[in-house]
There are 2 protein chains.
Amino acid sequence: MTDASPDLPNSLDAQLRRRAASVIPGGMWGHMRAAAVPEGYPQFFAGGEGARVRDVDGRDYIDFMCSWGPIILGHRHPEVEAAAREQLDRGDCLDGPTEHAVRLAEKMVALIPHADWALFQKNGSDAMTTCVTLARAGTARRKVLVAKGAYHGAVPWCSPSVLGVTAEDRAHLIYYTYNDVESLDAAVAEAGDDLAAIVASAFKHDLAIRQQLPDAAFARAARAHCDRTGAALVLDDVRAGFRLNLGGSWENVGIRPDLAGYSKAIANGYPLSAVTGNDRFRPAAEQVFVTGSFWYSGAPMAAAVKTLEILEREDGPARLAAAGERFCTGLTEAAARHGFEVTMSGPPAIPLMHFADDPDAKLGEAFCQQALARGVYLHNKHNMFLSLAHTDAVVDEALSAIDDAFAALARDRSADA
Amino acid sequence: MTDASPDLPNSLDAQLRRRAASVIPGGMWGHMRAAAVPEGYPQFFAGGEGARVRDVDGRDYIDFMCSWGPIILGHRHPEVEAAAREQLDRGDCLDGPTEHAVRLAEKMVALIPHADWALFQKNGSDAMTTCVTLARAGTARRKVLVAKGAYHGAVPWCSPSVLGVTAEDRAHLIYYTYNDVESLDAAVAEAGDDLAAIVASAFKHDLAIRQQLPDAAFARAARAHCDRTGAALVLDDVRAGFRLNLGGSWENVGIRPDLAGYSKAIANGYPLSAVTGNDRFRPAAEQVFVTGSFWYSGAPMAAAVKTLEILEREDGPARLAAAGERFCTGLTEAAARHGFEVTMSGPPAIPLMHFADDPDAKLGEAFCQQALARGVYLHNKHNMFLSLAHTDAVVDEALSAIDDAFAALARDRSADA
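Parameters at a glance
Residues numbered from 1 in each chain as written. Chains lettered and ligands numbered in written order. Predicted model: local features only at pLDDT ≥ 70, side-chain atom pairs only at ≥ 80, totals over all residues. Heavy atoms only, no water. Helix = DSSP H or I, 4+ residues; strand = E, 2+ residues; numbered from the N terminus. Rg over C-alpha atoms; globule rule 2.2 N^0.38 Å. Buried < 20%, exposed > 50% of the residue type's maximum accessible area, 1.4 Å probe, protein only. Areas by Shrake-Rupley, 256 points an atom, 1.4 Å probe, with all protein chains shown as cover. Lys, Arg positive; Asp, Glu negative; His and termini not counted. Charge placed at Lys NZ, Arg CZ, Asp CG, Glu CD. Axes fitted to C-alpha atoms, helices over the stretch in contact; angles between N-to-C directions. Parallel < 35°, antiparallel > 145°, perpendicular 65-115°, else oblique. Left-handed = near helix turned anticlockwise from the far one by under 90°. Contact = heavy atoms within 4.5 Å. Nonpolar A, V, L, I, M, F, W, Y, C, P; charged D, E, K, R; others polar. Domains from an automatic or database assignment. Buried area = accessible area lost by both parts, 1.4 Å probe. Salt bridge = Lys/Arg side-chain N within 4 Å of Asp/Glu carboxyl O. Polar contact = N/O pair within 3.5 Å; in protein donor to acceptor, adjacent residues only side chain to side chain. Core = buried A, V, L, I, M, F, W, Y, C linked by side-chain atoms within 4.5 Å. Pairing = 2+ DSSP bridges. Least-squares fit on C-alpha atoms with pLDDT ≥ 70 in both.

**Overview of the overall build of chain A**
Looking only at helices and strands, one finds eleven helices and 13 strands in chain A. Against the globule reference of 22 Å for 417 residues, chain A gives a C-alpha radius of gyration of 22 Å, in line with a compact fold. By the burial criterion, 66% of the 417 residues in chain A qualify as buried. On chain A, roughly 13600 Å² of surface is accessible, and the fraction owed to carbon and sulfur atoms is 50%. For chain A, the centre of its 40 positive side-chain charges and the centre of its 54 negative side-chain charges are spaced 2 Å apart.

In structure tokens:
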């Protein structure tokens, strides 16, 4: 596929990469560095519309990453854009919040059963750090339970990278295994009377590991421990929030947290995160000082209100689940037609793809490259994301290209054999 | 001034406050809560243009807070808006960065002498936390020196609020006194061979305390300690960056840091922060994983490139200094004309106001209320900010209202006497 690759020496992508190599560490930092996706994937993008993104060389892809989660209605959804622009046209970052802060807090309190209040930030890491701080403030305790391997952000207390992190940054963390009640019990016992919080992701979505939905028994055990000890049950809904259930992802297992963090899809791409909490943690939230220069800006909040309205009106989670089912079933069937075994784990709207018999993950990588060359942007290690712009027609168009990609993969395999 | 106050019971501001009280902790969180400004100040804003902001009840103010720093060219600067909109019209948050990431990194490397590279984030807290992490990663040491009372963000390692913070979050901090070489020497000695970084603000801008520019001798001592020990000199230019010197605020004292954090004014209100570093810390920056969902969005970076271009073209720092001088001199002279002694401390473009003989700070508060009622938005405890939209005519218009405000304050004082 190298002849269609954006990393041809004269492509704009290649030119930008060469320039970036001298002025940006490693050419790019963080989760959007091209070093983390298969060779041939573009590093730089120009725009997007609906279910499609366009790279800087003008190639369009049906987008199954949705900007790694933020795009839930499709790129540049006209109603969201109009809502954001209306505020942008008057001013975004002012000497205080706009009315949209109130409208959004009201909207979240109305949608999310556990939420008695909300506050807004910028990063998912902001929201999760604030949840932990509020849990400690509200309980006057220190120990925080987190699942081994879970991703709660990229700041020292929780970053997957330990370089530059001190032991003290994680001194009060105790680890349990997601969906394993015994390990949770043991961690709670270890925390003793210093248990401030149990933090759990909406579902198990650790990088490159088969995803797991939460077991109801596990969620109930976490709730029961918090009820018994007075600790905070903290739901990390940053990645999953609003895709699985507009009331919070653990509504699907009937469990309500005390505090929850949201970001990603909340404003269909506009920068925003949120913490919701119940009244037990309101005094803590009134006293802890958390802030940021752009946290009160109006346009992202206007975008969020509109995004949530549309998700409600369109029965968003159900439609996303259906689109995800169509995509996941179609992809695994296409794989089987060409002699490959692929499983999709996790919620269909946020699926992770695994190839059987692929110990070095080269098969998944080669498949993604074949799909990319046919205009479908997939990810071989990280979960993907569906949006409401992934209509049946769009998903079927992608599946047709995916079938061709598997056919090419099968040809390559038999040529190699 | 209550008859002009936006907190009349039927004002839109009052209505929004009542609604916020039930769904937002304390009615508002963080530095933009109205509880932190004098009674009568609006909580909610509708928009802004140039040097003026408008509250939700339609009252316009000449704005000396500039959104607490982000607005450096004036609200809704047309060239910045056009640059941001051009990218917004194509898509903002995509599957990877846009070309603006490269353009902005190149621009910062060109402008800032110490910078060999740049990376971008959202919050000032992100930038400062990353600087500390990179310093630790690059030196394999742990101790970080910070000035007593300095504000470097609102996350547990540095927040002014200690509720919900554990002792371990600050286990490796050692405190010195800003501009006090002896205290810096003592802190360096205490860190011993575990010194990772000396963190210093661009100038001493602790809340409500008379501001101090950096002494050159102090800055030189910090640089010398870092040169001798291999620790990183980290400049917190989040608040001051681009207002005092486009090459970094310590260019004014001839000292270059190893790492620096920027945010606030970098994109004239669009959400963005940045870390710059020299090549000594490039390997650390290549290895440490820091990221966020919206850190790669194109529009704020397009806005930042344009903001920096305009600041360069317009000789921004010199014009801001001149506007600040006109404002500070005019305000202190107006005070004197009416029998008050007011001092302005810190750089004139980021001045802090103090009334003499005002032990309970009531005089400053009453003055701000009088000025607000006359259409001038000042702050009595936090430093203020000038922008390029603060032309001589705008400053003079504000000074005329300020003169009236002092006259009213004098009348109130003699009526009370």
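**Thoughts on the packing of helix 2 (residues 78–88) of chain B against helix 8 (residues 298–313) of chain B**
Residue and element names in this part refer to chain B. With their axes 8 Å apart at the nearest point, helix 2 and helix 8 run at an angle of 155° to one another. Judged by the angle between their axes, helix 2 and helix 8 are roughly antiparallel. Judged by the twist between their axes, the crossing of helix 2 over helix 8 is right-handed. The segment helix 2 lies against helix 8, with Glu79, Val80, Ala83, Ala84, Gln87 and Leu88 engaging Gly298, Ala299, Ala302, Ala303, Lys306, Thr307, Ile310 and Arg313. Classifying every residue of the contact of helix 2 with helix 8 gives eight nonpolar, three polar and three charged.

**Focus on the domain arrangement of chain A**
Residues and elements named next belong to chain A. Assigned domains within chain A: domain 1 (2–75 + 316–416) and domain 2 (78–313). In this complex, domain 1 contributes 26 residues to the contact, which on the side of domain 2 involves 23 residues. For the pair domain 1 and domain 2, the summed buried surface comes to about 2100 Å²; carbon and sulfur atoms form 63% of the total. By the criterion of area lost to domain 2, the three top residues of domain 1 are Ile72, Leu73 and Pro317, representing 26% of everything that side buries. Along the contact surface separating domain 1 from domain 2 lie zero salt bridges. Applying the counting criterion to the domain 1 and domain 2 interface returns 15 residue pairs in polar contact (both at pLDDT 80 or more). Listing elements by their share of the side of domain 1 that touches domain 2, those giving two or more residues are helix 9 (316–337), strand 11 (342–345) and strand 12 (352–355). Of the residues assigned to the side of domain 1 that touches domain 2, the class counts are 16 nonpolar, nine polar and one charged.

**Re the nonpolar core**
Counting 296 residues, the largest nonpolar core has Phe327 of chain A together with Phe327 of chain B as the members making the most contacts within it. Those residues within four positions of phenylalanine 327 of chain A in sequence are excluded, and the remaining contacts are Phe64, Met344, Pro351, Leu378, Met384, Leu386, Val395, Leu399 and Ile402 of chain A.

**Comments concerning the pairing of strand 4 (residues 117–121) of chain B**
All names here are of chain B. Across the five residues of strand 4, five count as buried, placing the element largely inside the fold. The side-chain alternation of strand 4 yields two buried faces, one formed by Trp117, Leu119 and Gln121 and the other by Ala118 and Phe120. As judged from the five bridges shared by strand 4 and strand 10 (residues 273–277), these two strands associate in the antiparallel manner. Bridged to glutamine 121 within strand 10 is serine 273.

**Notes on the relation of the copies chain A and chain B**
Each copy superposes on the other: chain A lies on chain B with an RMSD of 0.0 Å after a rotation of 180° and an axial shift of 0.0 Å. Such a combination of turn and shift is consistent with a two-fold rotation axis. The residues that chain A uses at the interface reappear at the interface of chain B in 99% of cases, marking a shared surface.

**Remarks on the interface of chain A and chain B**
In this assembly, 99 residues from chain A lie in contact with 98 residues from chain B. Measuring nitrogen to oxygen at the nearest pair gives 2.7 Å for the salt bridge that ties glutamate 106 of chain B to arginine 19 of chain A. Our count for the chain A to chain B interface comes out at 48 residue pairs in polar contact (both at pLDDT 80 or more). Secondary structure elements with two or more residues in the side of chain A that touches chain B: helix 1 (12–23), strand 1 (45–49), helix 2 (78–88), helix 3 (99–111), strand 4 (117–121), helix 4 (124–139) and helix 7 (282–287) of chain A. Counted by class, the side of chain A that touches chain B contains 49 nonpolar, 27 polar and 23 charged residues.

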